[in-house]
Amino acid sequence: MVSPVYPVGLRLRDRAVVVVGGGQVAHRRVAGLLEAQARVTVVSPEVTPAIEALVAPGSLTWVRRPYAPGDLAGAWYAVAATDDAEVNAAVAAEAESARIFCARADDRTASSVWTPATGRHGDLVVGVHGGGDPQRAVAVRDAVLTGLTDGTIADRTSRPVAAGRAGGVVLVGGGPGDPALITVRGRQAVAQADVVVADHLAPLSLLASLPPDVEVIDASKLPRGRSMAQEQINELLVDRALAGKRVVRLKGGDPFVFGRGMEEVEACLAAGVPVEVVPGVTSAISVPALAGIPVTHRGLTHEFVVVSGHLPPGHPNSLVEWPAIARLRGTVVVLMGVDTAPAIAAALVEHGRDPSTPVAIVSDGSTPTQRTVRTTLGGLPGTLATADIRPPSVWVVGPVVSLAPGDDAAGG
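Below is a summary of the structure that appears in this document. (Residues numbered from 1 in each chain as written. Predicted model: local features only at pLDDT ≥ 70, side-chain atom pairs only at ≥ 80, totals over all residues. Heavy atoms only, no water.)

## Describing unusual backbone geometry
Argument step 1. Cis rather than trans, the peptide bond between Pro-391 and Pro-392 has omega equal to -5°.
Argument step 2. Assignment of secondary structure puts Pro-392 in the loop between helix H11 (380–386) and strand S17 (393–397).
Argument step 3. Positioned with a positive phi, Asp-364 is a non-glycine residue whose angle comes to about 55°.
Argument step 4. Turning to its location among the elements, Asp-364 is positioned in the loop between strand S15 (358–363) and strand S16 (371–376). (Helix = DSSP H or I, 4+ residues; strand = E, 2+ residues; numbered from the N terminus.)

## What to know about the nonpolar core
Argument step 1. Counting 23 residues, the largest nonpolar core has Leu-380 and Trp-395 as the members making the most contacts within it.
Argument step 2. Looking at this core, the elements with two or more residues in it are strand S13 (304–308), helix H9 (322–327), strand S14 (331–335), helix H10 (341–350), S15, H11 and S17.
Argument step 3. The dominant element in this core, judged by the number of residues it contributes, is H10, at five residues.
Argument step 4. With residues up to four places along the chain from it excluded, the contact list for Leu-380 reads Ala-341, Ala-345, Val-359, Ile-361, Thr-375 and Trp-395.
Argument step 5. In this structure, Val-40, Val-42, Leu-60 and Trp-62 belong to the second largest nonpolar core, which totals 17 residues. (Core = buried A, V, L, I, M, F, W, Y, C linked by side-chain atoms within 4.5 Å. Buried < 20%, exposed > 50% of the residue type's maximum accessible area, 1.4 Å probe, protein only. Contact = heavy atoms within 4.5 Å.)

## Brief notes about the sheet that holds strand S5 (residues 101–104)
Argument step 1. The parallel open sheet is built from five strands, whose spatial order is S3-S2-S1-S4-S5. Every interior strand has two partners, whereas the edge strands, strand S3 (61–63) and S5, have only one. Each adjacent strand pair in this sheet contributes to an overall mean axis angle of 20°, direction not counted.
Argument step 2. Here strand S1 (residues 16–20) runs beside strand S4 (residues 77–80); their pairing, made up of four bridges, is parallel. Across the sheet, the residue bridging to Val-19 is Val-79, located in S4. (Pairing = 2+ DSSP bridges. Axes fitted to C-alpha atoms, helices over the stretch in contact; angles between N-to-C directions.)

## Let's talk about the sheet that holds strand S8 (residues 168–173)
Strand pairing in a sheet relies on backbone hydrogen bonds, with the paired strands running either antiparallel or parallel.
Argument step 1. One open sheet accounts for five strands, arranged S10-S9-S11-S8-S12; its pairing is parallel. Unpaired on one side and paired on the other, strand S10 (215–218) and strand S12 (275–278) mark the two borders of the sheet. Taken pair by pair, the neighbouring strands of this sheet meet at an average axis angle of 15°, ignoring direction.
Argument step 2. The sheet contact formed by S8 and strand S11 (residues 246–251) spans six bridges and is parallel. For Leu-171, the partnering residue across the bridge sits in S11 and is Arg-249.
Argument step 3. The sheet strands contacting helix H5 (residues 184–191) are S8, S11 and S12, and the helix crosses S8 at an angle near 135°.

## So, helix H1 (residues 24–35)
Argument step 1. If you check H1, its first and last C-alpha atoms are 17 Å apart, about what 12 residues at 1.5 Å a residue would give, namely 16 Å.
Argument step 2. For H1, every residue scored as buried is listed here: Ala-26, Val-30 and Leu-33. For H1, the angular spread of the buried residues around the axis is 65°, confining them to a single face. With respect to the buried face of H1, the exposed residues turned more than 90 degrees away are Gln-24 and Arg-28. (Expected span 1.5 Å × (residues − 1). Arc of directions from axis to C-beta.)

## Some remarks on a nonpolar patch on the surface
Argument step 1. Together, Tyr-6, Val-8 and Leu-10 line one region of the surface with nonpolar side chains, adding up to about 390 Å² of accessible area.
Argument step 2. Structurally, the position occupied by Tyr-6 is in the segment before S1. (Patch = residues over 30% accessible without salt bridge, like charges linked within 9 Å, V, L, I, M, F, W, Y side chains within 5 Å. Areas by Shrake-Rupley, 256 points an atom, 1.4 Å probe, with all protein chains shown as cover. Salt bridge = Lys/Arg side-chain N within 4 Å of Asp/Glu carboxyl O.)

## Considering the pattern of salt bridges
Argument step 1. Inspection of the entire model under this criterion finds 13 salt bridges.
Argument step 2. With a shortest N-O distance of 3.0 Å, Arg-120 and Glu-35 are connected by a salt bridge. Residue Arg-120 is located in strand S6 (residues 117–121), and its partner Glu-35 is located in helix H1; the two are separated by 85 residues in the primary sequence.
Argument step 3. Note that Glu-276 is salt-bridged to Arg-185, the shortest N-O span being 2.9 Å. In this pair, Glu-276 is assigned in strand S12 and Arg-185 in helix H5, connecting sequence segments 91 residues apart.
Argument step 4. Of the residues examined, Arg-185 reaches a relative accessible area of 29% and is grouped as partly exposed.

## Some words on the packing of aromatic side chains
Centre distance and the angle of the planes are the two values used to describe a pair of aromatic rings.
Argument step 1. Inspection of every chain in the model, using the stated rule, returns zero aromatic pairs.
Argument step 2. The ring of Trp-76 carries the charged tip of Arg-15 above its face, separated from the ring centre by 4.4 Å.
Argument step 3. Across from the ring centre of Trp-114, 4.2 Å away, lies the NZ or CZ of Arg-108, which sits over that ring. (Phe/Tyr/Trp six-rings, centres within 6.5 Å; stacked < 30°, edge-to-face > 60°. Lys NZ or Arg CZ within 6 Å of the ring centre and 35° of its normal.)

## A closer look at the side chain of Glu-94
Argument step 1. With respect to the helices, strands and loops of the structure, Glu-94 is situated in helix H3 (residues 85–97).
Argument step 2. Of note is the side chain of Glu-94, whose polar atom sits 3.2 Å from the backbone nitrogen of Gly-70.
Argument step 3. Not counting residues up to four positions away in its chain, the partners in contact with Glu-94 are Tyr-67, Ala-68, Pro-69, Gly-70, Asp-71, Leu-72 and Ala-73. (Polar contact = N/O pair within 3.5 Å; in protein donor to acceptor, adjacent residues only side chain to side chain.)

## Structural notes on the environment of Val-5
Argument step 1. With respect to the secondary-structure elements, Val-5 resides in the segment before S1.
Argument step 2. You can call Val-5 partly exposed: its relative accessible area is 38%.
Argument step 3. In this structure the C-alpha to C-alpha distance between Val-5 and Trp-114, which are 109 residues apart in sequence, comes to 7.9 Å.
Argument step 4. Residues within four places of Val-5 in sequence aside, it is in contact with Trp-114 and His-129.

Here it is in structure tokens:
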């Protein structure tokens, strides 16, 4: 029969904790103890590189020798995590004698304390004891954290009523489109929102799980179609935040990669509204990667450049030095450049790029309709005309394109 445990939360900030052992198990325990801001001392002749890297900045103290009686003096908590059962037993015995709770990694039955499977959701800490089964505890913990993250477990007390509190804005990069590719912090912010102002390229399926009282505002900017003016978006963010709402601005990709995110930050700060930026997985790197195309590769390319193609070469408002881009030997990634692709391809060839340079066009990246069409720089205009390429599409120029097969191929 498994003896019952009494779950408590140890407040170890600035309190001495001793970890005996320096291997992978010790490494995992050290990470959690440092997160709790404990004063950690590791006693072990050898430690993992990750533990050693924490010594120089003063994050922990390393006593570089085997365990010796008396090493637990002054400790509030101890961990016995060596590969030697006799050493672990000696550590546990000293801890028992000194009335120090000790977690023995190799023998749960001989431990005076069991470490739960833990996880954090903002300032909420989830700890699960699995009745002696660590895998069971981990599975339940992960299920709870997933529910808190995607909103299926409602933590309504983390979203206090608007009256009497200041609102704020969280600027969230939603990634390339697949809701599984948004960051954990991004999902948390969406799940806790009072208002979500969303672009059409954001992972909109996340909105379906929101409570009915959450206001969802469509702020899409469709290519050659309807769009909400940026000034209006800025006003919406500020207005709702000043009304005490927790506002999430949900954008596709990363908000600072051709996403006008900084304009929204500046508008919020100018109005005295606190704003948090949650970076996203940019389509400039992730969409080629999902098509099997690395933007860099050892021995092949040492640089890549991401260019906005919304203005063609020669446009008076263009800030791109196309001659300089053409002279690069590495990878060129073009976003928002379907309509302007023929002009961009012509400029790259004119200024030195070989017309036979491989090109891949990846459309609807990360979605069920994703497809890749391969061609060459010289053949790009013809491919666009025959392959029905539409936004959103990312196109990649360079030898890295040849490293992965395409779904389709077009001559050029």
